Amino acid sequence: MRFLAVFLWLAVQVRAADFDVLIRNARVIDGAGNPWFRASVAIKDGRVAAIGALPDANAARVIDAGQRVVAPGFIDVHVHVEGNLERNPRADNFLLDGVTTVVTGNCGSSELNLAAWFEKLNKLGLGINVASLVGHNSVRREVMGGANRQATPEEIRKMQALVDRAMRDGAVGFSTGLEYVPGVYSNTAEVVALAKAAAAHGGVYTSHMRNEGIHEIEAITEAVNVGREAGMAVEISHLKIDRRAVWGASDQSLALIEKFRREGVDVTADQYPYDRASTSLSIRLPAWALADGKIKERLADPPTRRKIAAEMRQMLAEMGETDYGFATVARFVSNTGYEGKTIPEINALKGRAPGVDNELETIFELMSAGGASMTYRLMSEADIERIMRFPYTAIASDGGVQEFGAGNPHPRSYGTNSRVLAEYVRTRGVLTLEEAIRRMTSLPARTFGLRDRGLVREGMAADLVVFDPARVDDKATYAKPHQHSVGFDYVLVNGKLVVDGGKLTSARPGQTLKK
Ligand SMILES: [Zn+2]
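A brief report on the enclosed structure follows.

The rules behind the values
Residues numbered from 1 in each chain as written. Predicted model: local features only at pLDDT ≥ 70, side-chain atom pairs only at ≥ 80, totals over all residues. Heavy atoms only, no water. Helix = DSSP H or I, 4+ residues; strand = E, 2+ residues; numbered from the N terminus. Buried < 20%, exposed > 50% of the residue type's maximum accessible area, 1.4 Å probe, protein only. Contact = heavy atoms within 4.5 Å. Pairing = 2+ DSSP bridges. Axes fitted to C-alpha atoms, helices over the stretch in contact; angles between N-to-C directions. Polar contact = N/O pair within 3.5 Å; in protein donor to acceptor, adjacent residues only side chain to side chain. Phe/Tyr/Trp six-rings, centres within 6.5 Å; stacked < 30°, edge-to-face > 60°. Salt bridge = Lys/Arg side-chain N within 4 Å of Asp/Glu carboxyl O.

## Quick look at the environment of Phe404
- Mapped onto the elements, Phe404 comes out in the loop between strand S17 (393–395) and helix H15 (412–427).
- A relative accessible area of 55% means that Phe404 is categorised as exposed.
- Once the C-alpha coordinates of Phe404 and Asn88 are considered, the two residues, 316 residues apart in sequence, prove to be 9.8 Å apart.
- Setting aside its immediate chain neighbours within four residues, Phe404 contacts Tyr414, His482, Gln483 and His484.

Rendered as structure tokens:
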């Protein structure tokens, strides 16, 4: 009798362990752009094990989706999590926005020793999956510091070796940030030489281009030429038109990308769904003034200070702006009272009369105190919508892991995906739901070589989100950015629930993903 009881108990256990998780009554959006279909999705050992009616299926955990959508977890291929992920390895703001995988190391800035960094992250225990690019600026700084000159052949060889090592350690590609120091000092030949070291391992080339406004056509052409010469796919990072003077020019940028695709160049783009950019205050200064990290010394020299001011006045005019009202401080550690305030507002706080001359003095004071991170109101909704409709544009935040409540950061870290689903799909109808999901899943997975993610298919990694398309919403705003998105009721990473009933769990199933 006892043997029989044990046998029956075992049989029940085996039966119950058919699947780890079973999601019933779902509308499945598979990530490929196909219309939704009704099915149950079963998960076992971190993978999608079965999709279908599955009337007899049994699982340790059964979730009734109640006709909500089940989609692949979102893949955000443009983030900056170096440093901030270590402080919050669960990555709350991303998980609650439906993001299950991020690609970091963008805009030329990455960890250089990826093997060591990945090991550290794995020890901490990640909420999300993390892949990384290797960044040109990080590589150049390591070999050449902040030098404003061309690289020597010897320096090129040293930089190539660093790119090669990062690719061997699992980087998914090579990124540039050609508007930033020190990448801004490089020529195209240098970028091609380093991109080749990544192409040898099958990496993608991602480019924060030299220009996103007046000279965008030349900048896209340069990025595509790098990909052509190095023999690799090209991703244009955070595609936008970032100055009033040339609003509307996105039609020319997109036509050019189409033309290159017809010619056989694999070029795609990513975009965040906001009319403000976010980056350093230093990007408003001429690049030569930042060389070798000597901005303080240059500002302390009156003739150099006047020269910098004159060039900045010129740059402002070229942008089509009459003052720095488009610039808001996001983070300024020396005086957090400035956070959330525009440059003219800070100018007034300092007791200065309005006007660009005094605003420049205010900017110089912030720079001398170590600089600030900023948001910049620079884009038009017409360009945003046109770029979003473009079939080769993926959705990506350009955000990072936020310390909840700290500073006045750009809301994109919290709300990128839910904002697309709420504002651009539900309210404005810019994209269908299925098409928006494709831009968040299989399109970025394709470009960055994440072959077992981005689709709901048997055998794929079980990164999944369950949400009600009528209810999903971004809450983070420019004025109040520290607000998590709502509506992602269940989020699974590698088959484990990281969000359960809308609440974060203690699970840390994220992995570092190597090419
Ligand atoms: Zn960038």
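## What to know about the sheet that holds strand S9 (residues 134–135)
- With parallel pairing, the six strands of this open sheet are ordered in space as S9-S10-S11-S12-S13-S17. Every interior strand has two partners, whereas the edge strands, S9 and S17, have only one.
- Bridging between strand S10 (residues 173–177) and strand S11 (residues 204–208) involves five bridges; their strand directions are parallel. Residue pairing in the sheet places Phe174 in a bridge with Tyr205 of S11.
- In the packing of helix H7 (residues 188–199) onto the sheet, the strands contacted are S10 and S11, and the crossing angle to S10 comes to about 155°.

## Things to note about the side chain of Asn408
- Assignment of secondary structure puts Asn408 in the loop between S17 and H15.
- In this structure the side chain of Asn408 is engaged in a polar contact, spanning 3.2 Å, whose partner is the backbone oxygen of Tyr478.
- Non-local contacts of Asn408, meaning those with residues more than four positions away in its chain, are made with Val329, Ala330, Glu339, Gly340, Tyr478, Ala479 and Pro481.

## Topic: the packing of aromatic side chains
- Enumeration over the complete set of coordinates arrives at ten aromatic pairs.
- Centroid distance Phe326 to Tyr376: 5.8 Å. Interplanar angle 45°. Geometry classified as tilted. Of this pair, Phe326 sits in the loop between helix H11 (302–319) and strand S15 (327–331) while Tyr376 sits in strand S16 (residues 373–377); the two residues are 50 residues apart in sequence, bridging distant segments of the chain.
- Phe326 sits in the buried class, given a relative accessible area of 1%.
- Ring geometry for Phe390 versus Tyr392: centroids 5.1 Å apart, planes at 85°, classification edge-to-face.
- Residue classification places Phe390 among the buried residues on the basis of a relative accessible area of 5%.

## Looking at the pattern of salt bridges
- Applying the stated criterion across every chain yields a total of 36 salt bridges.
- Across the pair Glu119 and Lys123 runs a salt bridge whose closest N-O atoms are separated by 3.3 Å. Placement of both Glu119 and Lys123 in helix H4 (residues 114–124) is noted, with a separation of four residues, approximately one turn of the helix.
- Relative accessible area serves as the criterion here: at 48%, Glu119 is assigned to the partly exposed category.
- Salt-bridge contacts for Lys475 lead to Asp473; the nearest nitrogen and oxygen are separated by 3.7 Å.
- For Asp473, a relative accessible area of 23% translates into the label partly exposed.

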